[in-house]
Amino acid sequence: CHMDSPRQVKNLNREPKRSQNRSTNPPQKDAYARLLNQHCSSKFSLYLEQYQDFERKQGVSDRQRWGQRRDTATSHDGDVESGEELGSLNPNESKKHLKQQKKTKDSNKDVTSKETDSFVGRPQSPNTAGTSVQEQEKLKKAKKKKLSRHPEEEKSGDATFQPGVDTQMSRPKSPFVQYFSVPIANSPVDKNKNKGPRGAKKHIFESYMTFEEVSHGLKRGELIQGQLRINPKKYHEAFIPSPDDARDIFLDGIVTRNRALNGDIVVVRLLPREQWKVDDTYQSMYNIFFVCKPHVLNVDISLITGSILAAQESNTHCRVCQRMMNVVYIVEKKHSRAVTGFLKFLPDKPFAMFSPVDHRVPRINILLADCPQDFISRPVDFAVTLFICRITNWAADSNFAEGQLAKTLGQAGEIEPETEGILIEYEVDFSEFSDEVLNCLPKNLPWTIPAEQMRLRKDLRKECIFTIDPATARDLDDALSCKLLPDGNFEVGVHIADVSYFVGENNALDTIAGQRATSVYMVQKVIPMLPRMLCEELCSLNPLTDRLTFSVIWILTPQGEILTQWFGRSVICSCVKLSYDDAQSMIDAPEKIFTAEELPPSDPEHPIDEIHQAVLNLHSIAKNMRTSRFTAGSLRLDQLKLAFALDKETMMPQGCYIYEYKDSNKLVEEFMLLANTAAAIHIHKSFPQLSLLRRHPPPKAKMADELQELCDQLGINIDLSSAGSLHVSTRNTANVFRCSFSDQMALYFCSGVLGDEPLFSHYALNVGLYTHFTSPIRRYADLIVHRLLAASLDCGPSLGLSKEDVQKQASHCNDKKTVSKRVQELSSELFFGVYVKDCGPLESKAMVMGVLDQSFDVLVLQYAVQKRVYCKSVPGLKSFHHHKVGKKSELTLVWSSEDPEKAPVEQEIALFTLVEVQLKADGAPMKYSAVLKRPEEIESH
């Protein structure tokens, strides 16, 4: 799943509000307050007196010590914060969830008690730990009382932190752990119901299996290994891929994740079938459309809304059984354990609470000794200061993690501190390149191509070759050429920067490039994979400059059929640097004679008319190739992408728009796809065991069946039998289905390790072999492919890697590509939050993508952002009513009439309903809300 909830800072001073349908239960005491009530021994009282004396010496006022503290259960835009106690969708589902937890824990007891002897360091089973089964049952029943309220009942900024069995916080071990001998999960209600040996600690999380036990379990098929994905919108839900390509395996609750974080490679054990989760199709559809792939383009609104109405009348639904497991071992901690967030002062505690911005990470306790010097005396001064914290420990008997502050970033909501926090949290190396690395670069500057290289390469410097890139691009790694032949065919070339010439295998430069694996593109800057001397100078195919390249040249028919193909090292001199807009203007005006002033500077050896004609020929061929590709079964995966206009001096956003994918973009894409496919076929033929390729698995069969059944119910005619049929059947309906259906990630792999050639194929492109060859300046995988190509053509050394080495690097490239994509998304979210604050409010149509009992989620179509609209927060709304049509949730909103003589206006909210919203900045940095507009306001437009 893709977009995490935006960053937030909570208002610590706002009083909880009371509104309709809100629970009237008194605020719960926090976990630490309950502990104070539980530990009234003379030893603990003495400790408190000593600590209070310490505070007085430090100048901590009584108001600071005893002042009100609370933690919001929802962010200011309604995003639910971390904590399993807030995980259900409504009070009724909360009860079901607790019953499910009870079943899960009972099952865990039954399953694990049989294997207790084989676990190293495992706590005693409930039957032998000094607590009876009856007492355990009473404890579980008592825990149900802790979830009396649900996040849907909490307005942003209103909720009181509710401690419970799954609170994601931990207390530091030293020097004060001796005073906390009972887990935080035990509330005052529980203290007489679960009396074990005095001072004995109850394990909240299951102890991990040993490496040997895990190895045997995996071999016997009793355990499953996979990468953990935590739902950013519903933190109690996590998944790992199913090895049999069935529906993903579900982990329900923080306890079942057993201290694993998002992205970690874990080993899980299947829970008994009676504990599997059952969902109806509409909730499953919500997960597919909104949580996993929130991209919508070219949506036929009338078709979708009409279809959903037809489905409502039929009252049909299906139920989906979700397998459930729990984590028993962490193979690799892929998550950095570094998080950005905020410090909160806790009166009378020897530690502060660190609240991560990413709510999938637990809250963390920080010793006051590790906090800033003035934090104790003036905590309010740090309320909106952004910190980096690293988790150092998370004990099995604790709900909270322990950690240390790594760095103070600065004011929350400011571009640079937030950006640095994103980079550190996702382990993006943005440090300066070391002298050892820079020493690998050419030292004789200005650099010129050695005469020996000119003799060994094909000289293409006289050809009409040009680049087409974004206007702001500096790392130009691909160029195109197109020459009409006497027989009516075309000589078309793709020329790629020869980075492998400058980056020798296994030197310091190669090592750091392999570690970074990709350049990371943010709104205002790029974190390069290679030193800028290479990225922007020696390797970049800058105009009017001789450059080393790797070329593939074809003879193509006007329809794009390949007649001949040549691969080899070359030398080019680009005659002009065109932007996508420049190329598009040529495509849009085929008869126009462009003047020199209308285009960037070009080589006088190649007139503007010659360049214009080459662009038109490439466009014509690309259109034919594209048509043929989709006819043969390719699938177009569209995604909305926000672009920003930045102030040149301040780099602050001045404008925001959805990036338009034009014919000039499609032209370049088509020939890059052709070159990548050609390179894959070539290297695999030469090195069938060593090739680094890229595959895209087909959708999992279970998801395909469920989506097909759902579309049938909605009356949407869609064919999911292949990528091509899906593309054809959704061209005039909803690309949302196309995007969601192909949610499987494309992956790099080594051909010799995967072995089974049918698995090599790329589903979306409908090709048997594919790789990345065209961007070696910014992708390390392309650099390996260049080395394989050079070795196959006897113009470079053999690759000094085994197939295991190639697979290891391929996996690392996969991880870094995922990180790069996420960082780019977070950067866009950051700038959009600032843009709403500075330039808002903004108005847009929005599509309802999920309906809950007191709120609904929308996709804001003009800006491609997701927001939750809380009914209680909508101004002018008199009341609302939640009901179900079949198994599908709907809301009826009743608006107060502005004219007393007129009746209230009703508005129906259902899946795919179109509404109008206004995006307005909240008081907290980077936070903004979607405010629903009144129906009459919409009609008045």
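Reading the values: the criteria
Residues numbered from 1 in each chain as written. Predicted model: local features only at pLDDT ≥ 70, side-chain atom pairs only at ≥ 80, totals over all residues. Heavy atoms only, no water. UniProt positions renumbered as here; feature names shortened; annotations may be inferred. Helix = DSSP H or I, 4+ residues; strand = E, 2+ residues; numbered from the N terminus. Contact = heavy atoms within 4.5 Å. Areas by Shrake-Rupley, 256 points an atom, 1.4 Å probe, with all protein chains shown as cover. Pairing = 2+ DSSP bridges. Axes fitted to C-alpha atoms, helices over the stretch in contact; angles between N-to-C directions. Polar contact = N/O pair within 3.5 Å; in protein donor to acceptor, adjacent residues only side chain to side chain. Buried < 20%, exposed > 50% of the residue type's maximum accessible area, 1.4 Å probe, protein only. Phe/Tyr/Trp six-rings, centres within 6.5 Å; stacked < 30°, edge-to-face > 60°. Lys NZ or Arg CZ within 6 Å of the ring centre and 35° of its normal. Patch = residues over 30% accessible without salt bridge, like charges linked within 9 Å, V, L, I, M, F, W, Y side chains within 5 Å. Salt bridge = Lys/Arg side-chain N within 4 Å of Asp/Glu carboxyl O.

As recorded in an unreviewed UniProt entry, the protein goes by DIS3-like exonuclease 2 and comes from Cyclopterus lumpus. The Sequence similarities (unreviewed entry) comment attached to the protein in UniProt states, word for word, "Belongs to the RNR ribonuclease family. DIS3L2 subfamily."

J.: Before we move on, could you go through the overall build of the protein and cite the residues and values that matter?
T.: Per the secondary structure count, the protein includes 25 helices and 34 strands. Taking as baseline every contact in the protein between residues at least 6 positions apart, the subset at least 24 positions apart corresponds to 73%. Carbon together with sulfur atoms contributes 51% to the accessible area of the protein, which is approximately 38,800 Å² in total.

J.: Describe the sheet that holds strand β28 (residues 855-860), naming the residues involved and giving the relevant values.
T.: Strands pair in a sheet through their backbones, by hydrogen bonds, and they do so in one of two ways: parallel or antiparallel. Taken together, five strands build an open sheet; the order of strands is β29-β28-β27-β33-β34 and the sheet is antiparallel. The open sheet has two edge strands with one neighbour each: β29 (865-870) and β34 (928-932). Here the strands of the sheet are splayed against their neighbours by 45° on average, with no regard to which way each runs. Here six bridges tie strand β27 (residues 842-851) to strand β33 (residues 914-921), and the two strands are oriented antiparallel to one another. Residue pairing in the sheet places S844 in a bridge with V917 of β33. In the packing of helix α24 (residues 803-839) onto the sheet, contacts are made with β27, β29, β33 and β34, and the angle to β33 comes to roughly 80°.

J.: Pulling in residues and values, what's your account of the side chain of R569?
T.: Inspection of the secondary structure assignment puts R569 in strand β21 (residues 562-573). A polar side-chain atom of R569 sits 2.9 Å from a polar atom in the side chain of S500. A distance of 2.6 Å separates a polar side-chain atom of R569 from the backbone oxygen of C795. With near-sequence residues (within four places) excluded, R569 lies in contact with R457, K458, D498, S500, Y501, T549, F550, A790, C795 and G796.

J.: Tell me what's going on with the UniProt feature "binding site: Mg(2+)" (unreviewed entry) in the protein, and back it up with residues and numbers.
T.: The feature "binding site: Mg(2+)" (unreviewed entry), as given by UniProt, occupies D469 and D478 in the numbering adopted here. Inspection of the secondary structure assignment puts D469 in strand β15 (residues 465-469). Excluding residues that lie within four positions of it along the chain, D469 makes contacts with L476, D478, L578, S579 and Y580. Examined against the element boundaries, D478 turns out to sit in strand β16 (residues 478-484). On the basis of relative accessible area, D478 is assigned to the buried category, the value being 9%. Beyond its immediate stretch of four places on either side in the chain, D478 contacts T467, I468, D469, H495, I496, L541, V668, M672 and T774.

J.: Pulling in residues and values, what's your account of the packing of aromatic side chains?
T.: Geometrically, a pair of aromatic rings is defined through the distance of the ring centres and the angle of the planes. Evaluated as defined, the whole model comprises 15 aromatic pairs. Judged by centre distance (6.0 Å) and plane angle (50°), the rings of F644 and F831 are tilted. With F644 in strand β23 (residues 642-646) and F831 in helix α24, the pair connects residues that are 187 residues apart, well separated along the chain. Each member of the pair, F644 as well as F831, carries the same accessibility label: buried. Judged by centre distance (5.4 Å) and plane angle (80°), the rings of F832 and Y928 are edge-to-face. Placement of the pair is F832 in helix α24 and Y928 in strand β34, with a sequence separation of 96 residues. Each of the two residues, F832 as well as Y928, counts as buried. Taken together, the aromatic side chains of F345, F375, F382 and F387 make up a single cluster linked through ring pairs. Here the basic side chain of R516 rests over the ring of F433, its NZ or CZ set 4.1 Å away from the ring centre.

J.: Explain the pairing of strand β25 (residues 692-695) residue by residue, including any values.
T.: Alternating positions in β25 separate into two faces, L692 and R694 on one and L693 and R695 on the other, with burial throughout. Two elements, β25 and strand β26 (residues 747-750), share four bridges in a ladder whose sense is antiparallel. The residue of β26 that forms the bridge with L693 is F749.

J.: Before we move on, could you go through a nonpolar patch on the surface and cite the residues and values that matter?
T.: On the surface, Y657, Y659 and Y661 cluster together into a nonpolar patch covering about 290 Å² of accessible area. Among the secondary structure elements, Y657 is positioned in strand β24 (residues 653-658).

J.: Account for the sheet that holds strand β10 (residues 351-356), naming residues and giving values.
T.: Around the barrel, five strands lie side by side as β9-β10-β11-β13-β12; this closed barrel has mixed pairing. Adjacent strand axes in the sheet meet at a mean angle of 50°, parallel and antiparallel pairs treated alike. Sheet topology places strand β12 (residues 385-393) next to strand β13 (residues 401-411); eight bridges connect them, and they run antiparallel. Counted as the bridge partner of I391 is G403 from β13. Set on the sheet, helix α10 (residues 415-425) makes contact with β9 (338-344), β12 and β13; between it and β13 the angle comes to about 145°.

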